[in-house]
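Chain residues, written in single-letter form:
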Amino acid sequence: MMSALPCIFCQIARSSTPSTRILYQDDKIVAFQDIKPAAFRHYLVIPIEHIATVNTLQRRPEHYSLVSDMLNVGKTLLQQDASESDEHRFGFHQPPFNSVDHLHLHCLALPYKPSWKFIKYSSLGPFGGFIKAEKVLEKLKSA
Ligand SMILES: [Zn+2]
Ligand SMILES: [Zn+2]
């Protein structure tokens, strides 16, 4: 099989794109600003391990704790400027609405900029491919 182009988020996770400023990093997770911010603050939190999409996640303790850690990192980052915006959204795009095939948590501090961008981060309507992080955690929680 021909090797595919290197995944852009894998490159960022391995710090091989000096243009991307890393906001947070540990041994499992990396966070940085979305290159096309759609809100007052718009960060992406990704696992270093290449996991394709939210549909790839399984009901396993390690996936549950990964998503829960990603959400905590996102919350901490947005809380740094909580005085300016306290309306926060956290979630994932489900295929085919995801732009990059490497799991990434969108962390948004509202308002959306421009305001019509809300449609991309809505779980309703024709572009309703957005699933809230809390809902994903509920699904991953083992019975
Ligand atoms: Zn990747
Ligand atoms: Zn996305």
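What you are looking at is a predicted structure, and each value in this text was computed from that prediction instead of being measured.

J.: Can you help me understand the layout of surface pockets in this one?
T.: If you roll a probe as big as a water molecule over the atoms, it shows you where there is empty space left. When its volume is computed, the largest pocket comes out at roughly 490 Å³. Around the largest pocket sit 26 residues that line it, and F9, D34, I35, K36 and L44 are the ones nearest its centre. It is helix α1 (residues 8–13) that provides the largest number of residues to the lining of the largest pocket, a total of 3 residues. Residue composition of the lining of the largest pocket, by class: 11 nonpolar, 10 polar and 5 charged.

J.: Looking at this structure, how should I read the nonpolar core?
T.: Nonpolar side chains in soluble globular proteins tend to end up buried together. Formed by 25 residues in total, the largest nonpolar core has its most connected members in V45, L57, M70, F92, L105 and V136. Mapped by element, the contributors of at least two residues to this core are β2 (29–33), β3 (39–47), α2 (61–79), β4 (88–93), β5 (105–112) and α3 (133–140). The dominant element in this core, judged by the number of residues it contributes, is α2, at 7 residues. If near-sequence neighbours (up to four positions away) are discounted, V136 is found in contact with V54, L57, V67, F92 and I131. If you look at the next biggest cluster of nonpolar residues, it comprises 10 residues, including F9, A13, F32 and V100.

J.: Before we go on, may I ask you to explain the packing of α2 against α3 in this structure?
T.: Where α2 meets α3, the closest approach of the two axes is 9 Å, and the angle between their N-to-C directions is 160 degrees. Accordingly, the angle class assigned to the pair α2 and α3 is roughly antiparallel. Considering only the axes of α2 and α3, their crossing is left-handed. Residue-level inspection shows H63, Y64, V67, S68, L71 and K75 of α2 in contact with α3, the latter providing A133, E134, V136, L137 and L140. When grouped by side-chain class, the residues that make up the contact of α2 with α3 number 7 nonpolar, 2 polar and 2 charged.

J.: How should I be thinking about empty space enclosed by the protein in this particular structure?
T.: Per the stated rule, a full pass over the model turns up 1 cavity of 30 Å³ or more. Space inside the largest cavity adds up to approximately 50 Å³. Surrounding the largest cavity, A52, T53, V54, F92, H93, N98, V100, H102, L103 and H104 form its lining. Class assignment for the residues of the lining of the largest cavity results in 5 nonpolar, 5 polar and no charged.

J.: Would you mind showing me how to read the coordination of the zinc ion (ligand 2) here?
T.: Each donor-metal-donor angle in an ideal tetrahedron of four donors is 109.5 degrees, and each such angle in an ideal octahedron of six donors is either 90 or 180 degrees. On the protein side, the zinc ion (ligand 2) has H104 (NE2) and H106 (NE2) as donor atoms, found 2.1 to 2.2 Å from it. Take H104: its relative accessible area is 5%, and that puts it in the buried class. Classification of H106 by relative accessible area gives buried; the value is 3%.

Quick notes on the rules
- Residues numbered from 1 in each chain as written.
- Chains lettered and ligands numbered in written order.
- Predicted model: local features only at pLDDT ≥ 70, side-chain atom pairs only at ≥ 80, totals over all residues.
- Heavy atoms only, no water.
- 1 Å grid on protein atoms, 1.4 Å probe; cavity = no way out; pocket = protein on both sides within 12 Å on 5 of 7 lines; lining within 4 Å.
- Points joined across faces, edges and corners; volume = space filled by probe spheres on them.
- Helix = DSSP H or I, 4+ residues; strand = E, 2+ residues; numbered from the N terminus.
- Nonpolar A, V, L, I, M, F, W, Y, C, P; charged D, E, K, R; others polar.
- Core = buried A, V, L, I, M, F, W, Y, C linked by side-chain atoms within 4.5 Å.
- Buried < 20%, exposed > 50% of the residue type's maximum accessible area, 1.4 Å probe, protein only.
- Contact = heavy atoms within 4.5 Å.
- Axes fitted to C-alpha atoms, helices over the stretch in contact; angles between N-to-C directions.
- Parallel < 35°, antiparallel > 145°, perpendicular 65-115°, else oblique.
- Left-handed = near helix turned anticlockwise from the far one by under 90°.
- Donors = N, O, S within 2.8 Å, 3.2 Å for Na, K, Ca; no water.

Limitation: the analysis is restricted to geometry and does not speak to function.
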